[in-house]
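Architecture at a glance
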Amino acid sequence: MFGGGKNILKSKEDEFITKGYSWIETEQELEQTTAPVIGVFSDENLPFEIDRNSDNIPSLNQMVIKAKELLSDITNKNGDITGYILIVFAGLFSEAADNRDLASTYHESISFNDALNSVLNFSNSNEKVKDLIIAASGYETSGLTLARILYNGTICSNYYPSVVSKIKKSVDFMSTEINKGFDPRTVIFDYTSIEITNLEEELLLNTTNQQELNLLIGEMICERACISFDSIGITGNDVPLYVYTTKPLICSIDDNDDEIKLFPLENSIVSKNENIHLEKDNINNVNYCSNIGKSKKRLLITQKVVLEGFFQVNQRPSKSMRNQLAQELQVPVSRIRKWFQNRRCK
């Protein structure tokens, strides 16, 4: 087990060691450890990736690579063990989105993507490995949108990733510094290159609640980047499910449920889409389902142009907006909702 929580688990260290576990707390110890092992690399939660001290705390990718290595060794050396389950939980992603923290949301996404790619590469590099890899989200949070209604009421549809690329720390780190008594204007500029206004400085000085400070700083950054979060907490939108397998995959879909869909991940694909089928070219050892489910009338080019134009302004239209689009385009509301969901996954 690798992660944080040293304050909670430290009292159990002797007990773990007595039972044969190695106890490690640094990145250097992780590189040299053997199984079974307990690795606790921070007192509480692991830090956001953007805040991580790479000299002492391993990345999610490093922990995943080591876990795969140790579990594979156990499987190969012990004939009684024919397989294993590896669970990777990237829980800070939702916390970053709840904080309106664009930079942390980005870095947590990249961190998980790197770890997932390492698992895929490990599986593809060994012909004897028969893996089933599933990547899923528990829920969507906060509704990230690459457009924004600015403070003055104008609509900004051109977002600025350069604003996000200059950020060096999480909003949680910055709000902690401000609560310690450091000058808000200096803290924000040092870690974001943003020069805040007098009004924004006054708001920061008069806010002591950590979560409220996080949201204030996050909104200041979003305003400059022309990016917005359209809700607080869980949105209720559908989330994608990604599946990859190195051995034949059987697809079974309930005809009574028209919403089931497995999105593609690398080469192994099973999909329920608009009466399409998947060719076997360059797909090794993968069975596929063709012509799954009911045939649907395809969207017209003119309808797609309207939807694409709307998508460039608002990637997550509200229910009332979806109803209006469905009425204007004369298609079912469910098609509008699924079109936006699929478009966001591209």
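Residues numbered from 1 in each chain as written. Predicted model: local features only at pLDDT ≥ 70, side-chain atom pairs only at ≥ 80, totals over all residues. Heavy atoms only, no water.

**Describing the nonpolar core**
Threshold: We define a nonpolar core as any set of buried Ala, Val, Leu, Ile, Met, Phe, Trp, Tyr and Cys residues linked to one another through side-chain atoms lying within 4.5 Å. Only protein chains enter the calculation, and the probe is 1.4 Å; a residue is then buried if its accessible area is under 20% of its type maximum, exposed if over 50%, and partly exposed in between. Here a helix means four or more residues in a row that DSSP labels H or I, a strand means two or more in a row labelled E, and each is numbered from the N terminus. Should any heavy atoms of two residues lie within 4.5 Å, those residues are counted as being in contact.
The biggest cluster of nonpolar side chains holds 26 residues, and the ones touching the most others in it are L102, M174, I178, I188, L204, I217 and I221. Put simply, the parts of the chain that give this core at least two residues each are α5 (92–98), α6 (102–124), α7 (161–165), α8 (171–179), α9 (184–192) and α11 (210–225). When sequence neighbours within four positions are dropped, the list of residues in contact with L204 reads I178, P184, I188, I196, L213, L216, I217 and M220. Listed in part, the ten residues of the second largest apolar core include L299, A326, L329 and V331.

**A look at helix α10 (residues 198–205)**
Cut-off, in case you're wondering: Working note: the arc is built from the helix axis to C-beta atom directions.
Restricting attention to buried positions, one finds in α10 the residues E200, E201 and L204. Down the axis of α10, the buried side of the element spans an arc of 100°, and every buried residue falls inside it. Facing away from the buried side of α10 by over 90 degrees, the exposed positions are N198, L199 and L205. Where α10 is buried, its residues meet α8, α9 and α11.

**Details of the sheet that holds strand β2 (residues 22–24)**
To keep it simple, the criterion reads: Pairing between two strands requires that DSSP report at least two bridges joining them.
Pairing is parallel across the open sheet formed by three strands, whose spatial order is β1-β3-β2. Edge positions in the open sheet fall to β1 (2–3) and β2, since each of these has one partner strand only. Across three bridges, β2 lies against strand β3 (residues 37–40) in parallel orientation. From the neighbouring strand, S22 faces β3, where its bridge partner is V37.

**Considerations on the confidence of the model for the protein**
Applied cut-off: pLDDT is a per-residue confidence score from the predictor, ranging from 0 to 100.
In this model, the protein carries a mean pLDDT of 80, and residues with pLDDT of at least 70 account for 81%. Element-level pLDDT for the protein is lowest in helix α12 (residues 301–313), with a mean of 74, against a maximum mean of 97 in α9. In the model, residues 250–296 has pLDDT below 50 throughout and makes 80 contacts with residues more than four positions away in sequence or in other chains.

**Examining the pairing of strand β4 (residues 132–136)**
Where burial is concerned, the two faces of β4 differ: the one with I133 and A135 is buried and the one with L132, I134 and A136 is not. Judged from the five bridges that link them, β4 and strand β9 (residues 241–245) form a sheet pairing that is antiparallel. What sits directly across from A135, in β9, is Y242.

**Considerations on the state of the cysteines**
So the rule is basically this: Note on terminology: disulfide denotes any pair of cysteine sulfur atoms within 2.5 Å.
Under the criterion given, the structure shown has one disulfide. Linked covalently through their sulfurs, C156 and C226 form a disulfide whose S-S length is 2.1 Å. Residues C156 and C226 are joined by a disulfide whose S-S torsion is about 105°; by sign, that bridge is right-handed. With C156 in strand β7 (residues 155–156) and C226 in the loop between α11 and β8 (228–229), this pair connects stretches of sequence that are 70 residues apart. Judged by its relative accessible area of 3%, C226 falls in the buried class.

**Observations regarding unusual backbone geometry**
Excluding glycine, most residues fall at negative phi; most peptide bonds, likewise, are trans. Note the cis peptide between A35 and P36, where omega equals -5°. Tracing the sequence through the fold places P36 in the loop between α3 (27–32) and β3. Residues other than glycine seldom take positive phi values, yet R100 does so here, at roughly 60°. Along the chain, R100 turns up in the loop between α5 and α6. Judged by relative accessible area, which is 9%, R100 ranks as buried. The backbone of S193 shows a phi angle near 65°, a positive value even though the residue is not glycine. Within the secondary structure, S193 is located in the loop between α9 and α10.

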